[in-house]
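Next come the chains, spelled out residue by residue.
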Amino acid sequence: MAADHRFAVAVGGNRGEVAATLNWAAALLEADGLVRVTIRSSLHRTAAVGGPMGQGDFLNGAWVVTTDFGPHQLLHRLQAVETACGRTRTITWGPRTCDLDLLLAEDGRICASSVLTLPHPRLHLRAFVLAPLAEIAPDWRIPGVGQVSQLAAALAAPLSSPAPVKA
Ligand code: AMP
């Protein structure tokens, strides 16, 4: 396979053995040799954002995948893997075993179809997505927004510094 395109994928979950499920998801994604998971970030534990109260913390990470697929083919494959890993969509932003979102193309391509928005529209607003992404693709650029490492640093920084206290 001449795998030419690199994409970033957000991975996560908060039901079951998430780390094991994500290992299984990577194996399924690679099963026919048409997609390779070439870089994996560490997994970050984060409190759930949105959705029902009281759901468990998430483990969030990011992968770089290499493939000849176009973005729509890749999204379709990611959704099939989510389903195979037990993902259901009964509650918006509810608990889930396996969430795989297509974040960004290394070549900066943009998609705006009824099923796919690329770059992912909330990517640059979410520290729990940007932090793992900055581990594995710090130099990638979100078109019209900025460089991943700089955006991650800006989101992680406190909004203001405490004023110096005079002795
Ligand atoms: P979710 O249930 O959060 O995984 O959202 C999946 C829905 O968002 C599906 O209907 C997708 O077609 C749509 N979608 C649009 N853009 C993206 C993207 N970049 N990555 C994943 N899903 C997307």
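Keep in mind the model is a prediction, meaning the values are calculated, not measured.

Cut-offs and rules
- Residues numbered from 1 in each chain as written.
- Predicted model: local features only at pLDDT ≥ 70, side-chain atom pairs only at ≥ 80, totals over all residues.
- Heavy atoms only, no water.
- Disulfide = S-S within 2.5 Å.
- Buried < 20%, exposed > 50% of the residue type's maximum accessible area, 1.4 Å probe, protein only.
- Helix = DSSP H or I, 4+ residues; strand = E, 2+ residues; numbered from the N terminus.
- Expected span 1.5 Å × (residues − 1).
- Pairing = 2+ DSSP bridges.
- Axes fitted to C-alpha atoms, helices over the stretch in contact; angles between N-to-C directions.
- Parallel < 35°, antiparallel > 145°, perpendicular 65-115°, else oblique.
- Left-handed = near helix turned anticlockwise from the far one by under 90°.
- Contact = heavy atoms within 4.5 Å.
- Salt bridge = Lys/Arg side-chain N within 4 Å of Asp/Glu carboxyl O.

A word on the state of the cysteines
In the structure shown here, the tally under the stated rule is 0 disulfides. Here C85 stays unpaired: no disulfide links it, and the sulfur of C98, its closest cysteine neighbor, is 4.3 Å away. Judged by its relative accessible area of 10%, C85 is buried.

Describing helix α2 (residues 71-84)
Given 3.6 residues per turn, any residue in an α-helix points the same way as the ones three and four places further on. Across its 14 residues, α2 extends 20 Å between first and last C-alpha, which sits within 8% of the 20 Å expected from 1.5 Å per residue. Once α2 ends, the next one or two residues include G86, with phi positive near 90°.

A few points about the pairing of strand β4 (residues 58-67)
Among the 10 residues that make up β4, 10 are buried, leaving the element largely enclosed by the rest of the structure. Looking at chain direction, strand β1 (residues 5-13) and β4 are connected through 9 bridges and run antiparallel. Residue pairing in the sheet places V9 in a bridge with W63 of β4. With 3 bridges joining them, strand β3 (residues 44-46) and β4 adopt antiparallel strand pairing. Along β4, the bridge assignment pairs H44 with N60.

Concerning the packing of helix α3 (residues 127-136) against helix α4 (residues 148-156)
α4 packs onto α3 with a crossing angle of 135° between their chain directions and a minimal axis gap of 9 Å. The angle between the axes of α3 and α4 places the two elements in the oblique class. Crossing angle aside, the handedness with which α3 passes α4 is left-handed. Each of A127, L130, L133 and A134 in α3 lies in contact with α4, whose residues at this interface are V148, S149, L151, A152 and L155.

Here's the deal with the pattern of salt bridges
Per the counting criterion, the structure on display carries 3 salt bridges. Ionic pairing is found between R6 and E106, a salt bridge with its closest N-O pair at 3.0 Å. Here R6 is found in strand β1, whereas its partner E106 is found in the loop between β5 (99-105) and β6 (111-112), with 100 residues between them in sequence. Linking R109 and D107 is a salt bridge whose minimum nitrogen-to-oxygen distance equals 3.0 Å.

Some points on the packing of helix α1 (residues 18-29) against α2
Contact pair α1 / α2: the axes reach a minimum separation of 10 Å and the direction vectors enclose 135°. Viewed along their axes, α1 and α2 adopt a mutual orientation that is oblique. Crossing handedness for the pair α1 and α2: right-handed. Within the contact between the two elements, α1 uses A25, L28 and L29 and α2 uses R77, L78, V81 and A84.

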